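Observations on the model geometry
Listed below are the residues making up each chain.
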Number of protein chains: 2
Amino acid sequence: MKRLLLASTSTVHGRPYLDYLKEEVLDHFTGRDRLFFIPFARPGGMSHDQYAALACGKFAEWGLKMEGLHRQTDLRQALAEADGVFTGGGNTFVLLKELYDSDLLGMLRQRVEEGMAYMGSSAGSNLAGMSVGTTNDMPIVHPSSFEALGAVPFNINPHYLDPDPNSTHMGETRETRIKEFHAFNSQGVLGLREGSWLRVQGNAVELCGPHTARWFTAGQEAIELAPGPLKLS
Amino acid sequence: MKRLLLASTSTVHGRPYLDYLKEEVLDHFTGRDRLFFIPFARPGGMSHDQYAALACGKFAEWGLKMEGLHRQTDLRQALAEADGVFTGGGNTFVLLKELYDSDLLGMLRQRVEEGMAYMGSSAGSNLAGMSVGTTNDMPIVHPSSFEALGAVPFNINPHYLDPDPNSTHMGETRETRIKEFHAFNSQGVLGLREGSWLRVQGNAVELCGPHTARWFTAGQEAIELAPGPLKLS
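Residues numbered from 1 in each chain as written. Chains lettered and ligands numbered in written order. Predicted model: local features only at pLDDT ≥ 70, side-chain atom pairs only at ≥ 80, totals over all residues. Heavy atoms only, no water.

Take the overall build of chain A next. Along the backbone of chain A there are seven helices and 12 strands. A compact globule built from 233 residues would reach a C-alpha radius of gyration of about 17 Å, and chain A, at 17 Å, matches this within 12%. On the principal axes, the C-alpha backbone points of chain A span a range of 50 × 35 × 35 Å. Relative to its 233 residues, chain A shows a buried fraction of 59%. Counting every atom, chain A has about 9200 Å² of accessible surface; 48% of that belongs to carbon and sulfur. Between the averaged position of the 21 positive side-chain charges in chain A and that of its 27 negative side-chain charges there is a distance of 2 Å. (Helix = DSSP H or I, 4+ residues; strand = E, 2+ residues; numbered from the N terminus. Rg over C-alpha atoms; globule rule 2.2 N^0.38 Å. Buried < 20%, exposed > 50% of the residue type's maximum accessible area, 1.4 Å probe, protein only. Areas by Shrake-Rupley, 256 points an atom, 1.4 Å probe, with all protein chains shown as cover. Lys, Arg positive; Asp, Glu negative; His and termini not counted. Charge placed at Lys NZ, Arg CZ, Asp CG, Glu CD.)

Written as structure tokens, this is what we have:
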């Protein structure tokens, strides 16, 4: 049975890295032995080692042993034997390109299907959707496809932002961009506000955290979904 | 000699479509007979016909005859014979994919090199840069490459936005995103604020409009450039 923890952001304003998710992370990963961190999204262009040190250091504070996947001798084999994976945020295109180029995406998808615990934040949550077509990131590298893990049957838009009614800026709002997405794609899109996360067990999806989420489907008005079990159809 | 007019946005707050650019547009295109509009960026998912009607209607108000390129019998031939092209804004990925899929990008590049007058706004200005890697748009379709016209030897970030010092949002600022771009790409990036445009004649690039522009180069602090001739190196 699939087991996913998908956060809109790794950090909420004014609190340390991952701090607001501590209880969830412990619940998700405690008792699972071989945990790997996927640092490929490289926020701010930081190195894999730097990023893995940050995430694995935080997990270690909480008593969880996690290693950077990039340091393993055989990355596919490490994924094949993993009990849990955390994919950190950063640039979604950089993340996806690395997973395609190193032929890891299929293996990661298989392991998620088999019930390996998966956690993502930001770009790592985007990756869990059907495609990365609703990322907010700049396309700073070119992945061979935008198809993602498809661990949930919809797309995620992390860091979802409501339109600012006072803005004079003429660039598209997030809602406009997602409507454009639906001119070319059929899957639903869940706009996940910072501080929200999803718990997925099998086909059951639960919205957690203090905020409602915004649900976009092709040709329909967007609606707000309250925290709790989601009916997405 | 190359002749480009590259605007950050088609519309500034509180004014009609293209209105603030009227004098520049007339200067750029008057006396040129065969003008075509490229509607492929489809803002809001609108149809090619709808978009061409909007842009060609505005040009007609100003006494300029322009037709939608998409309606021509042979699009490559039409481009080959064009005296001027205006590429409207919308979604950069949709625009670029259509140009690749219909094998028009090379022809457009050639005509720009030959001195055909080119105008772009937003996505259409992005297209004039070396790549679309600094677009703000969502990757709602997958182009086979992010390489663009390369009509200027740098990348453009249209609708450039300064960081909001009061924001509690944890998503990356525009400046952070462009710095990430430079972890993977070497060309400079010009952040063009709404209301700014570039006039390019041959290798001379002039910043026009009321704002400074922000110039990002790999490994350097970004700098502000005043309106007037730009030295970009």
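Turning next to the sheet that holds strand S9 (residues 204-208) of chain B. Residue and element names in this part refer to chain B. Here we have eight strands laid out as an open sheet, ordered S3-S2-S4-S5-S1-S8-S9-S12, and mixed in their pairing. The open sheet has two edge strands, strand S3 (66-68) and strand S12 (228-229), and neither has a second partner. Two strands pair when backbone bridges link them, and strand S8 (residues 197-201) and S9 are joined in this way by five bridges, in the antiparallel orientation. Pairing of Trp197 across the sheet is with Cys208, part of S9. (Pairing = 2+ DSSP bridges.)

Residue and element names in this part refer to chain A. Taken in spatial order, the four strands make up an open sheet running S6-S7-S10-S11, and their pairing is mixed. On the outer flanks of this sheet lie strand S6 (155-157) and strand S11 (223-225), each paired with one strand and no other. Across the sheet, the mean angle from the axis of one strand to that of its neighbour is 30°, orientation sign disregarded. The pairing of strand S10 (residues 213-216) with S11 spans three bridges and is antiparallel. (Axes fitted to C-alpha atoms, helices over the stretch in contact; angles between N-to-C directions.)

Our focus in this paragraph is the interface of chain A and chain B. Accessible area lost on assembly of the parts is the figure often given for the size of an interface. Facing 45 residues of chain A, the contacting portion of chain B comprises 45 residues. Overall, the association of chain A and chain B removes approximately 3600 Å² of surface from exposure, summing both partners, and the carbon and sulfur fraction of that is 65%. The interface formed by chain A and chain B holds two salt bridges in total. Where chain A meets chain B, there are 20 residue pairs in polar contact (both at pLDDT 80 or more). Listed by contribution, the elements that provide at least two residues to the side of chain A that touches chain B are helix H4 (92-101) and helix H7 (174-181) of chain A. With five residues, H7(A) is the single largest residue contributor to the side of chain A that touches chain B. Its residues assigned to classes, the side of chain A that touches chain B comprises 17 nonpolar, 21 polar and seven charged. (Contact = heavy atoms within 4.5 Å. Buried area = accessible area lost by both parts, 1.4 Å probe. Salt bridge = Lys/Arg side-chain N within 4 Å of Asp/Glu carboxyl O. Polar contact = N/O pair within 3.5 Å; in protein donor to acceptor, adjacent residues only side chain to side chain. Nonpolar A, V, L, I, M, F, W, Y, C, P; charged D, E, K, R; others polar.)

Counted under the stated rule, the structure contains 36 salt bridges over all chains. Between Arg177(A) and Asp137(B) there is a salt bridge, and its shortest N-O distance comes to 3.3 Å. Of this pair, Arg177(A) sits in helix H7 while Asp137(B) sits in the loop between helix H6 (123-126) and strand S6 (155-157), on two different chains. This pair shows no difference in class: Arg177(A) is buried, exactly as Asp137(B) is. The salt bridge involving Lys97(B) is made with Asp101(B); its shortest N-O contact spans 2.9 Å. One end of the pair is Lys97(B) and the other is Asp101(B), both in helix H4 (residues 92-101) and four residues apart, which spans about a single turn. Look at Lys97(B) and you get partly exposed, because its relative accessible area is 27%. Assessed through its relative accessible area of 52%, Asp101(B) is described here as exposed. Within this structure, Asp162(A), Glu175(A), Lys179(A), Arg193(A), Arg214(A) and Glu224(A) form a network of salt bridges that share partners.

A few words now on the relation of the copies chain A and chain B. Taken as rigid bodies, chain A and chain B are interconverted by a rotation of 180° and an axial shift of 0.0 Å, the fit giving an RMSD of 0.0 Å. Considering both components of the superposition, the chain copies are consistent with a two-fold axis. Of all interface residues in chain A, 100% are interface residues in chain B too; the two copies therefore contact each other through one and the same surface. (Least-squares fit on C-alpha atoms with pLDDT ≥ 70 in both.)

Taken as a whole, the largest pocket spans an internal volume of roughly 1300 Å³. Surrounding the largest pocket, 35 residues form its lining, Leu161(A), His169(A), Arg174(A), Leu161(B) and Arg174(B) being those nearest its centre. Secondary-structure elements contributing two or more residues to the lining of the largest pocket are H7 of chain A together with helix H7 (174-181) of chain B. (1 Å grid on protein atoms, 1.4 Å probe; cavity = no way out; pocket = protein on both sides within 12 Å on 5 of 7 lines; lining within 4 Å. Points joined across faces, edges and corners; volume = space filled by probe spheres on them.)

Across chain A, the average pLDDT comes to 96, with 100% of residues at or above 70. This complex was scored by the predictor with a pTM of 0.95 and an ipTM of 0.93. (pLDDT = per-residue confidence, 0-100.)

Attention shifts here to helix H2 (residues 48-61) of chain A. All names here are of chain A. For H2, which comprises 14 residues, the first-to-last C-alpha distance of 20 Å matches the rise-based estimate of 20 Å (1.5 Å per residue) to within 8%. Those residues of H2 not exposed but buried are Tyr51, Ala52, Ala55, Cys56, Lys58 and Phe59. Projected down its long axis, H2 carries its buried residues within an arc of 150°, all on one side. Exposed positions of H2 whose direction lies more than 90 degrees from the buried face are Ala53 and Glu61. The secondary structure elements touched by the buried residues of H2 are helix H1 (22-29), strand S2 (35-38), strand S3 (66-68), strand S4 (84-87) and strand S5 (117-121). In the stretch just after H2, Gly63 is the one whose phi turns positive, near 85°. (Expected span 1.5 Å × (residues − 1). Arc of directions from axis to C-beta.)

What follows deals with the nonpolar core. Side chains that are nonpolar tend, in soluble globular proteins, to be buried together. Leu198(A) and Leu198(B) are the most contacted members of the largest nonpolar core, which totals 106 residues. Aside from chain neighbours lying at most four places away, what touches Leu198(A) is Leu4(A), Leu5(A), Leu6(A), Phe154(A), Ile156(A), Leu190(A), Leu192(A), Val205(A), Glu206(A), Leu207(A) and Leu230(A). (Core = buried A, V, L, I, M, F, W, Y, C linked by side-chain atoms within 4.5 Å.)

Take His182(B): it is sitting in the loop between H7 and strand S7 (189-191). Setting aside anything within four residues of it in sequence, one finds His182(B) in contact with Gln187(B), Gly188(B), Val189(B), Phe216(B), Thr217(B) and Ala218(B).

Here we take up the pairing of S9(B). Residue and element names in this part refer to chain B. Between S8 and S9, which pair antiparallel and follow one another directly, the connecting turn spans two residues, one of which, Gly202, has a positive phi of 60°. Bridge count between S9 and S12: two bridges; the pairing is antiparallel. For Glu206, the partnering residue across the bridge sits in S12 and is Pro229.

What follows concerns unusual backbone geometry. You will see that Ser122(A), though not glycine, has its phi angle at about 55°, which is positive. Relative to the helices and strands, Ser122(A) resides in the loop between S5 and helix H6 (123-126).

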